[in-house]
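Each chain, written out:
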Amino acid sequence: MSMEMSDTKSARPVTPVTIASVRGLKVHFQSKAGRVHAVDGVDFDVRDGETLGLVGETGCGKSVTGRAFLRLLPVPPGILAGGSVMFRPQTTCPDCQGDGCERCDDSGRRPAPCPKCRGQGCTTCDQTGIESLDLLTISDARMRDIRGDRIAMIFQDPSKALNPTLTIGEQLGEVFLQHRHADLLAAAGIAEDQPGWQASALRRLASQQDRGTDRLLVKLSGAMRRKHRAIRQALDERIAAALSETQIPNPQRVMQSFPHELSGGMRQRVMIAQALACDPDLIIADEPTTALDVTVQARILDLVRQLQTSRGSSVIYISHDLSVVRHICDRVAVMYAGRVVEIGDVEQLFTNPRHPYTQGLLAAVPTTRTPRGQLAAIPGSVPELIDPGPSCRFADRCAKAHGPCASHDPALQPVSAGHDVACFLEHPITTASRARA
Ligand SMILES: Nc1ncnc2c1ncn2[C@@H]1O[C@H](COP(=O)(O)OP(=O)(O)OP(=O)(O)O)[C@@H](O)[C@H]1O
Ligand code: NI
């Protein structure tokens, strides 16, 4: 697929290629009171290279949606109640080996070919020739390969993502040992197909010095010691490079530190370094700066944006903060009570919001009393998500609710190119929405 595009910007143009498609996603939670429909029929696409904002009031299902991509949900009480999350992994462009060429839009990457037909087109890939995986149904082993390698997550609270008992170097090293096995073996001059060099053996050899087992090291033969040093050096170089990329000063010292020895902002940078270490295709950032003070927040946001544009990765950015979303996102999906109610380009959505809920969100100016990280209030409260009935979920709070809103469930439909809204004011009731109700 070659596109004639004048590329004057340093950033790669956002192409309409979709890297992920969420369709009819439902995640419910079993509680004593009944089944909570936390995410209840969510649809959206993530385009290659874009930052998609996911906004909405607390409890509307943003985090659950983000976590579904990596199956990081507690099951039970969670139930994957339906839908799919299709993901198209990317691979180094075979034409330019990653340098950037016309065939890959200068990204250095192309969608991975369907493993069954090797790109020729078959029934498995719907004749597209492109590999497409349903993240909800692939094996656990495949998910482990993808997690941290092709899709990574950045959380609000780094202390939950970092292991307090390991040094920063040890935990970042683990990412490379897991996902860059072949690369490390090559650095140590060990042929990948040589028997006995499974991940566990490599890990043992790499970590020998870390555990302070100098006696053991003495027992290694000269050749093994050389291999150990080569692997250690390759690992340390990669760890230091990953830390430097997130502008961590003195990576050599930080590598030796434990998480508690670093400041909150520094821990957040380490978590970002860990998430980006393997150059993922998709980064899911769940309120990555809410816990930090404002100046640190701004710096971290700039950093994420900068790394995202230079690598051309796609980002799902979950946030309460509409001003940040407007600043860093290309498109925005507004969620309400487990559904996407409006999605569109960021300017379209901010200048011409069509759903009454989006209009309310934008009109509700935060006051000094609004706790940081929360949206200013819209009158009324989010409906009970236990066995919701067939109505628009916003109807009880909507000043414009009319006839069908109380008895029918509106579907997400286009109002203009690239701008979809689920509201009967925009789409008078149709057989399609009636069928869903
Ligand atoms: N582990 C869980 N057990 C039971 N219910 C849960 C669990 N996690 C989430 N939920 C339910 O899912 C709903 C959506 O939660 P989610 O964390 O996705 O909201 P959110 O939009 O990310 O909110 P916030 O902005 O506060 O982070 C919650 O209201 C809650 O009812
Ligand atoms: Ni959340």
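Please read these numbers as outputs of a predicted model, since none were measured by experiment.

**A closer look at the sheet that holds strand E9 (residues 282–286)**
In step 1: The strand order E8-E9-E10-E3-E11-E12-E14-E13 describes an open sheet built from 8 strands, whose pairing is mixed. Because the sheet does not close on itself, it has two edges, and the strands there are strand E8 (151–154) and strand E13 (413–416). Each adjacent strand pair in this sheet contributes to an overall mean axis angle of 25°, direction not counted.
In step 2: When strand E3 (residues 51–55) meets strand E11 (residues 331–336), the two strands line up parallel, connected through 4 bridges. Looking across to E11, one finds that Gly53 is bridged to Val332.
In step 3: The sheet contacts of helix H14 (residues 356–363) involve E11 and strand E12 (339–345), and relative to E11 the element is tilted by about 105°.

**Side note on the state of the cysteines**
In step 1: Going through the model one piece at a time under the given rule, you end up with 0 disulfides.
In step 2: For Cys122, which is in no disulfide, the shortest distance to another cysteine sulfur is to Cys117 and amounts to 3.7 Å.
In step 3: You can call Cys122 buried: its relative accessible area is 16%.
In step 4: Summary of cysteine pairing: Cys125 is not part of a disulfide, and the nearest cysteine sulfur, belonging to Cys117, is at 3.7 Å.

**So, the packing of helix H4 (residues 168–179) against helix H8 (residues 222–245)**
In step 1: Close contact between H4 and H8 brings their axes to 9 Å; oriented N to C, the two are set at 105°. Classed by the angle they form, the pair H4 and H8 counts as roughly perpendicular. Contacts from Ile168, Gly169, Leu172, Gly173, Phe176 and Leu177 of H4 reach H8 at Leu235, Arg238, Ile239, Ala242 and Leu243.
In step 2: For the contact of H4 with H8, the residue count by class is 8 nonpolar, 2 polar and 1 charged.

**A look at the packing of aromatic side chains**
In step 1: Enumeration over the complete set of coordinates arrives at 4 aromatic pairs.
In step 2: Ring centres of Tyr336 and Phe394 lie 5.1 Å apart, and the angle between their planes is 80°; on these two criteria the pair is classed as edge-to-face. A residue pair is termed long-range when its members are at least 10 positions apart, and Tyr336 in strand E11 and Phe394 in the loop between H14 and E13 qualify at 58 residues.
In step 3: On the accessibility criterion, Phe394 (3% relative accessible area) is buried.
In step 4: Geometrically, the ring pair formed by Tyr357 and Phe394 is edge-to-face, given 5.2 Å between the ring centres and 70° between the ring planes. Taken as a pair, Tyr357 in helix H14 and Phe394 in the loop between H14 and E13 lie far apart in primary sequence, 37 residues in all.
In step 5: Assessed through its relative accessible area of 0%, Tyr357 is described here as buried.

Rules behind the numbers
Residues numbered from 1 in each chain as written. Chains lettered and ligands numbered in written order. Predicted model: local features only at pLDDT ≥ 70, side-chain atom pairs only at ≥ 80, totals over all residues. Heavy atoms only, no water. Pairing = 2+ DSSP bridges. Helix = DSSP H or I, 4+ residues; strand = E, 2+ residues; numbered from the N terminus. Axes fitted to C-alpha atoms, helices over the stretch in contact; angles between N-to-C directions. Contact = heavy atoms within 4.5 Å. Disulfide = S-S within 2.5 Å. Buried < 20%, exposed > 50% of the residue type's maximum accessible area, 1.4 Å probe, protein only. Parallel < 35°, antiparallel > 145°, perpendicular 65-115°, else oblique. Nonpolar A, V, L, I, M, F, W, Y, C, P; charged D, E, K, R; others polar. Phe/Tyr/Trp six-rings, centres within 6.5 Å; stacked < 30°, edge-to-face > 60°.

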